[in-house]
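# Descriptive structure summary
Each chain is listed here by its residues.
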Amino acid sequence: MSAPPLHDDEDDNDDVFLDESDIIHEVPLDNEDLPDADDDSELEEEEDGNFVHKFTAHTGELYSVACSPTDAALVATGGSDDRGFLWKIGQGDWAFELQGHEESVSSLAFSYDGHRLASGSLDGTIKVWDVSGNLEGKKLDGPGEGIEWLRWHPRGHILLAGSEDFTAWMWNTDNAALLNTFIGHGASVTCGDFTPDGRKKICTGSDDATLRIWNPKSGESIHVVQGHPYHTAGLTCLTINSTSTLALSGSKDGSVHLVNITTGRVVDNNALASHSDSIECVGFAPSDSWAAVGGMDKKLIIWDIEHLLPRGICEHEDGVTCLAWLSASFVATGCVDGKVRLWDSRSGDCVETLKGHSDAIQSLSVSANGDYLVSASLDGTACAFEVGIFR
């Protein structure tokens, strides 16, 4: 099956910043040919947790986890031991080490078709791994300082990264060619993404308290969102709704704001001001009508985006560090207390608490089929939990 087109037939070609040559056609993903490596996975549930699989090959804190969008069992993890791993849920005899980084592996991301995995490190290096073939890792040249985050184009093998060197970078990973560098922020670029339509715009947030909206083809900064009524401290997280019209951002100052991507205007008028500490995670529900916001004030708030009203406040025992929507009705949170909690977004009730970690959860990812939620923790382990009933 070929990759979906970048534009509708009636669209003007000028609206698309990627050429057809930038898109790779899908081929069957056969992981049976992947090489083996030592792995200290635990497959059976332990007395102190309700996970179905625990991965323990790392020797330091974990910072990132990513599930393949096409293989429901394939997971990548990275952490402070300067190592990344590919491993499979329920297959304790297989793991592949992502070698070549000299500092912490801070970010991981699979391409839309599951064929490639990007790993970014605080040493400023990015490597792209051929998951559908021989797992060769190619290094991308560019950033001079640590990698904050990685995002793939929603329909192609184009990779976007934010760096501590105040810039964002974009490559065509087919030939490792640098396509553009986005220059203008005055501090580390802490969050960002392509718009989900795959066209026209990129959004990035920075520790300089600004959001920039870019033309990805020219590298021009179309809008700079800053000052009143926007954030007064660095941005920590950013998400874009599925229609590519709104960006939701959170900040160290505890504020949350909605920005119209087309106009660059803040549209919430401080209606989302309900947190008292740093915002750590934001996420639109699949329907886009709701959004979840988590912070270090121990709250997850579910918002009605259309009416800018809170639907419910989910109280935690400690700070909320990450979240993942499981379906239109259920959202998962990772917490400083090492627990993962599942919430009914309609009632605000905690429907299940998932245990298996002894330190803060840093990252959450949902498997391709929705059956598993995988968590990465500062305790050096990753746990996979069964969550299929909440799809």
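The structure we're discussing is the one just above.
Residues numbered from 1 in each chain as written. Predicted model: local features only at pLDDT ≥ 70, side-chain atom pairs only at ≥ 80, totals over all residues. Heavy atoms only, no water.

## What to know about the sheet that holds strand β15 (residues 202-206)
Threshold: In this scheme, strands are said to pair when DSSP sees at least two bridges between them. Secondary structure elements follow DSSP: runs of H or I of four or more residues count as helices, runs of E of two or more count as strands, with numbering from the N terminus. Only the stretch in contact is used when fitting a helix axis, every axis being a line fitted to C-alpha atoms; angles between N-to-C directions are given from 0 to 180 degrees.
Taken together, four strands build an open sheet; the order of strands is β14-β15-β16-β17 and the sheet is antiparallel. Two strands close off the open sheet at either side, each with one partner strand: β14 (189-194) and β17 (221-225). Across this sheet, the average inter-strand angle for adjacent strands is 15 degrees, counted without regard to direction. With five bridges connecting them, β14 and β15 associate as antiparallel partners. Counted as the bridge partner of Val189 is Ser206 from β15.

## A look at the pairing of strand β5 (residues 91-98)
When strand β4 (residues 84-88) meets β5, the two strands line up antiparallel, connected through five bridges. From the neighbouring strand, Leu86 faces β5, where its bridge partner is Phe96. The hairpin formed by β4 and β5 contains two residues between the paired strands, and Gly90 there has a positive phi angle of roughly 80 degrees.

## A word on the nonpolar core
Quick note on the threshold: Buried Ala, Val, Leu, Ile, Met, Phe, Trp, Tyr and Cys residues form a nonpolar core when they are joined through side-chain atoms within 4.5 Å. Only protein chains enter the accessibility calculation, which uses a 1.4 Å probe; a residue is then buried when its area is under 20% of its type maximum, exposed when over 50%, and partly exposed in between. We call two residues in contact when some of their heavy atoms are within 4.5 Å.
With 16 residues, the main nonpolar core has Leu326, Val340, Leu342, Leu354, Leu364, Leu373 and Val387 as its most contacted residues. Looking at this core, the elements with two or more residues in it are β26 (320-325), β27 (330-335), β28 (340-344), β30 (361-366) and β32 (382-386). Setting aside residues no more than four positions away along its own chain, Leu342 makes contact with Leu326, Val331, Ala332, Asp349, Cys350, Val351, Glu352, Leu354, Leu373, Val387 and Phe390. Leu272, Phe284, Ile301 and Ile305 belong to the second largest nonpolar core, which has 15 residues in total.

## Concerning the pattern of salt bridges
Stated precisely, the cut-off is as follows: Just to be clear on terms, a salt bridge is a Lys or Arg side-chain nitrogen sitting within 4 Å of an Asp or Glu carboxyl oxygen.
Tallied over the entire structure, the rule returns 10 salt bridges. Close ionic contact of Asp174 with Arg116 constitutes a salt bridge, the shortest N to O distance being 3.0 Å. Of this pair, Asp174 sits in the loop between β12 (167-172) and β13 (177-183) while Arg116 sits in strand β7 (residues 116-121), and the two are 58 residues apart along the sequence. Overall, the relative accessible area of 16% leaves Arg116 in the buried class. The salt bridge partner of Glu317 is Arg341, with a shortest N-O separation of 3.8 Å. With Glu317 in the loop between β25 (309-315) and β26 and Arg341 in strand β28, this residue pair connects regions lying 24 residues apart in the sequence.

## Some points on the layout of surface pockets
Threshold: Only protein atoms enter the 1 Å grid, on which a cavity is a set of points fitting a 1.4 Å probe that cannot get out and a pocket is an open set with protein on both sides within 12 Å along at least 5 of 7 lines, lining residues being those with an atom within 4 Å of a point. Grid points are joined across faces, edges and corners, and a volume is the space filled by probe spheres set on the points. Gly is put with the polar residues, along with every residue not named as nonpolar or charged; the nonpolar set is Ala, Val, Leu, Ile, Met, Phe, Trp, Tyr, Cys and Pro, and the charged set is Asp, Glu, Lys and Arg.
Roughly 190 Å³ of internal volume is contained in the second largest pocket. Forming the boundary of the second largest pocket are 13 residues, of which Arg116, Val128, Asp130, Lys138 and Thr173 lie nearest the centre. Of all the elements in the fold, those that place two or more residues in the lining of the second largest pocket are β8 (126-130) and β9 (137-140). Among the residues forming the lining of the second largest pocket, the class breakdown is three nonpolar, five polar and five charged.

## As for the sheet that holds strand β18 (residues 235-240)
Strand order in this open sheet of four strands is β18-β19-β20-β21, and the pairing throughout is antiparallel. Pairing within the sheet leaves two strands with one partner each, and these edge strands are β18 and β21 (265-266).

## Some remarks on the state of the cysteines
Selection criterion: Count a disulfide wherever a pair of cysteine sulfur atoms falls within 2.5 Å.
Tallied over the full model, the rule gives zero disulfides. With no disulfide of its own, Cys350 lies 8.3 Å from the sulfur of Cys314, the closest cysteine sulfur.

## Re the environment of Arg83
Along the polypeptide, Arg83 turns up in the loop between β3 (74-79) and β4. By relative accessible area, which is 21% here, Arg83 ends up partly exposed. Once residues lying within four places of it in the same chain are set aside, the contact partners of Arg83 are Ala57, His58, Thr59, Thr77, Gly78, Glu97 and Val105.

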